[in-house]
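# Residue-level structural notes
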Amino acid sequence: MTVRTRFAPSPTGYLHIGGVRTALFNWLLAKQAGGQFILRIDDTDAQRNQDEALKPILEGFRWLGMDWDEGPEVGGPHQPYCQSQRLESYQAAVKKLLDAGLAYRDYATAAEMTAEREAAEKSKTDFVYSRTWMAETDQQAAAFEAQQRSYVVRLKMPRAGKCQFKDLVVGDVSVDWATEADHAIQRADGTCLYHLANVVDDAEFEITHVVRGIEHLSNTPRQIFIARGLGYALPQYAHIPYVAEPGSKKKLSKRKIAEYLNNKDFKRLYQSGADVAERIGLETDPATFSPVLVDFYQQIGFVPEAVVNYLLLLGWSLDDKTETFSRQEMLDGFSLNRVVKSAASFDPQKLIAFQSRYFECLPLKRKTKLCKKYLEQANVTANPIDCDHLVKLKSIIEAAGDRISMAGDVLKFDDFFVEDDQLVYDSKAWQKRMVKPEQAGFLIGELYKVLNVEQDFSADALEVAIKGFCESQGIKIGDIIHALRVSVTGKAAGFGMFDTLEILGRDAVLNRIGGSLDRLADQKKSESAV
RNA sequence: GGCCCCUUCGUCUAGUGGUUAGGACACCGGCCUUUCACGCCGGUAACACGGGUUCGAGUCCCGUAGGGGUCACCA
């Protein structure tokens, strides 16, 4: 039997990190068995949008490398894959259930239903619908209709016995049928509800394994009831725990995104993303730009493989050691019986660690390609970038090493690209390294003379020259290098000094040193005037 | 509240009756060093609690507590 799994997002416009993990498990399960992964769009509720809201979701899947075999844009033998277009199947199923006496027309008003529910609550008993407005025959229906009532279709659930099934993650499940309410499957306007649509689609798409969030566990008995009523073979169920909020065990929720900023680690991740996003002109409202959403990572330059690897380990492990998985290793190693039964909270720091690890291993070419985009979009370079700058970028990426751990980080080194007279000095660093040490100005001035006549501006040659200079001055390299760094980059920290000088090149180095000396002189003059 | 589920370092987890309770992220200290990182070395840190069963319990049973999920003409 071919394994067929599915993921069924609602077109909300956002691809949620917890949802992606569920999708990943589905994808892995199908692909490792040579089966199919299907994307179905659950839009029974939606009048709205569709295409617009669907786009970021599909884009997210593509970015993550989780291709779907059937679904929107790729089609497939069971089209259409949007529930809004499958009404006929659902209505046929409802009719079948009605004919079999497994469902009925219910003429209760919303108020009457609520009243019964509240009464049950008050007397602290389980709510069991009285079926007062149930119509099983046309005469009964006619009588209710004479009262101007309209109907929904409800499941006529058993009120004795148990529903038992085996869940691949949870284990054996047993529920009293009596605790299951008569759920509505068709609205008054004739459209169908989720449970019905879900079961019909799963059967028609020949889904063999339903892997979904544990919040659906309690939906399973009624879905089994529907499936049996319709004569379908039951799929295997696997209910996986939800992904929890950072630092808590509550389910991660789209609606509470802004709240998560209270978590320190979450906020740090958000902030590092927002820093990049602002530079390239993206919206940074935490309600839509958030580490809970997949496109956040796409936008700030994460490596999709890193995100997938992190997600894989959120609630699943192969053994006591293995952390890094190639795509093939995931496919070989994944199994539902090693899914952890308790909820796992989302840990931004660990995700960042995976990202750093993955980015570091990328070949220079791919790093360059990823970083380039950010310089262009932030208008640090021309768009598209010119040849000189591209060469410079490569040198920067090499010299920066793991100081760049996501592509957007390249913007931290934008000082290499600014015009020499536009260089911005970090005021603290300037004060500490240039102004405060008495000798700094003098030494930098002397060094300028040496560099001015230095022919070879390679890092190696510069190292020799500058070390020689230090010896001649009777100072240690630490006595001048900090001032030099501030002088040419404006910053207190950065990568190797000699690499920095080489990348900047002769003209920029001399210009910048000259500029900083002028600035220093101006500052001293105005200070002594006061 | 009813029903159901979960509970090992701060976090993700390994562990299927006998382990100095292992790994990873984070954190702390040291080394390296021209800064910041990296790297290397080292360290702190966990079986929710209470009863059983057993020669022996993180592992099995019962209870308690805590956390969570779910109870729609949402999905």
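Residue numbering note: each chain is counted from 1, following its sequence as written. For naming, the first written chain is A and the first written ligand is 1, with later ones following in the order written. Under the rules for a predicted model, residues below a pLDDT of 70 receive no local features and side-chain atom pairs below 80 are neither given nor counted, while totals for whole chains, interfaces and linings still include all residues. Calculation of side-chain values draws on the structure's entire complement of heavy atoms; hydrogens and water are dropped beforehand.

Put simply, DSSP H or I for four residues or longer makes a helix, DSSP E for two residues or longer makes a strand, and each gets a number counted from the N terminus. Summing up its helical and strand segments, chain A has 19 helices and 12 strands in all. Atoms considered for the radius of gyration are the C-alpha atoms alone. The globule rule reads 2.2 Å times the number of residues to the power 0.38. Against the compact-globule benchmark of 24 Å for 530 residues, chain A has a radius of gyration of 32 Å, which places it well outside the compact range. Reported as C-alpha extents along the three principal axes, the dimensions of chain A are approximately 110 × 55 × 40 Å. Working rule for contacts: check all heavy atoms of both residues, and any pair within 4.5 Å makes them a contact. Across chain A, the fraction of contacts at a sequence separation of at least 24, relative to all contacts at a separation of at least 6, is 72%. Calculation of accessible area relied on Shrake-Rupley with a 1.4 Å probe; when residues are assessed, cover is drawn exclusively from the protein chains displayed. Carbon and sulfur atoms form 50% of the exposed surface of chain A, whose accessible area is close to 25,200 Å². The convention is simple: Lys and Arg are positive, Asp and Glu are negative, and His and the chain ends are not counted. By convention, the charge on Lys lies at NZ, on Arg at CZ, on Asp at CG and on Glu at CD. Measuring between centres, the 66 positive side-chain charges of chain A sit 4 Å from its 74 negative side-chain charges.

On the secondary structure map, F334 appears in the loop between α11 (327-333) and β12 (344-345). The class for F334 is buried, based on a relative accessible area of 3%. Between the alpha carbons of F334 and S150 there is a distance of 50 Å; along the sequence they are 184 residues apart. With near-sequence residues (within four places) excluded, F334 lies in contact with F25, L28, L29, Q32, L312 and W316. Per-residue accessibility, obtained with a 1.4 Å probe over protein chains only, is compared with the maximum for each type, and a residue is labelled buried under 20%, exposed over 50%, and partly exposed between these values.

What follows covers the protein's contact with RNA strand B. Residue proximity to a molecule or strand is established when one non-hydrogen atom of the residue lies within 4 Å of it. Close contacts around RNA strand B come from 53 residues, with T44, R187, Y242, E323 and R403 the closest. Near the protein, within 4 Å, the atoms of RNA strand B are sugar or phosphate in 71% of cases. Between RNA strand B and Q349 there is a distance of 3.4 Å, counted from a sugar or linking oxygen to a side-chain nitrogen or oxygen. Of all elements in the fold, only β5 (152-155), α6 (194-204), β12, α12 (348-361), α18 (478-489) and α19 (497-529) reach the threshold of two or more residues within the surface near RNA strand B. It is α12 that contributes the most residues to the surface near RNA strand B, 4 residues altogether. Any residue outside Ala, Val, Leu, Ile, Met, Phe, Trp, Tyr, Cys, Pro, Asp, Glu, Lys and Arg is labelled polar, Gly included; the first ten of those are nonpolar and the last four are charged. Of the residues contributing to the surface near RNA strand B, the split by class is 18 nonpolar, 14 polar and 21 charged. For the purposes of these results, a polar contact is taken to be a pair of N or O atoms within 3.5 Å, where, inside protein, one atom must be able to donate a hydrogen and its partner to accept one; residues adjacent in sequence count only when each atom of the pair is a side-chain atom.

The geometry of helix α16 (residues 440-453) relative to α19 is characterised by a closest axis approach of 10 Å and an angle of 155° between their N-to-C directions. Considering the angle they form, α16 stands roughly antiparallel to α19. Helix-helix and strand crossings are classified by hand; for α16 and α19 the assignment is left-handed. On α19, the residues touching G441, I444, G445, Y448, L451, N452 and V453 of α16 are R506, V509, L510, I513, G514, L517 and L520. Of the residues belonging to the contact of α16 with α19, the class tally is 9 nonpolar, 4 polar and 1 charged. Fitted lines through C-alpha atoms serve as axes, helices being fitted only where they are in contact, and the angles separating the N-to-C directions of these axes extend from 0 to 180 degrees. What sets the label is the angle itself: under 35 degrees gives roughly parallel, over 145 gives roughly antiparallel, 65 to 115 gives roughly perpendicular, and the rest give oblique. What makes a crossing left-handed is the near helix being turned counterclockwise from the far one by less than a right angle; a clockwise turn instead makes it right-handed.

On to the state of the cysteines. Criterion for a disulfide: a pair of cysteine sulfur atoms within 2.5 Å. Inspection of every chain in the model, using the stated rule, returns 0 disulfides. No disulfide involves C371; its nearest neighbouring cysteine sulfur is the one of C361, lying 15 Å away. By relative accessible area, which is 0% here, C371 ends up buried.

Once that is clear, we can look at the pairing of β5. Sheet topology note: the strand β3 (residues 103-106)/β5 ladder contains 4 bridges and is antiparallel. From the neighbouring strand, A103 faces β5, where its bridge partner is L155. For two strands to be treated as a pair, DSSP must find at least two bridges joining them.

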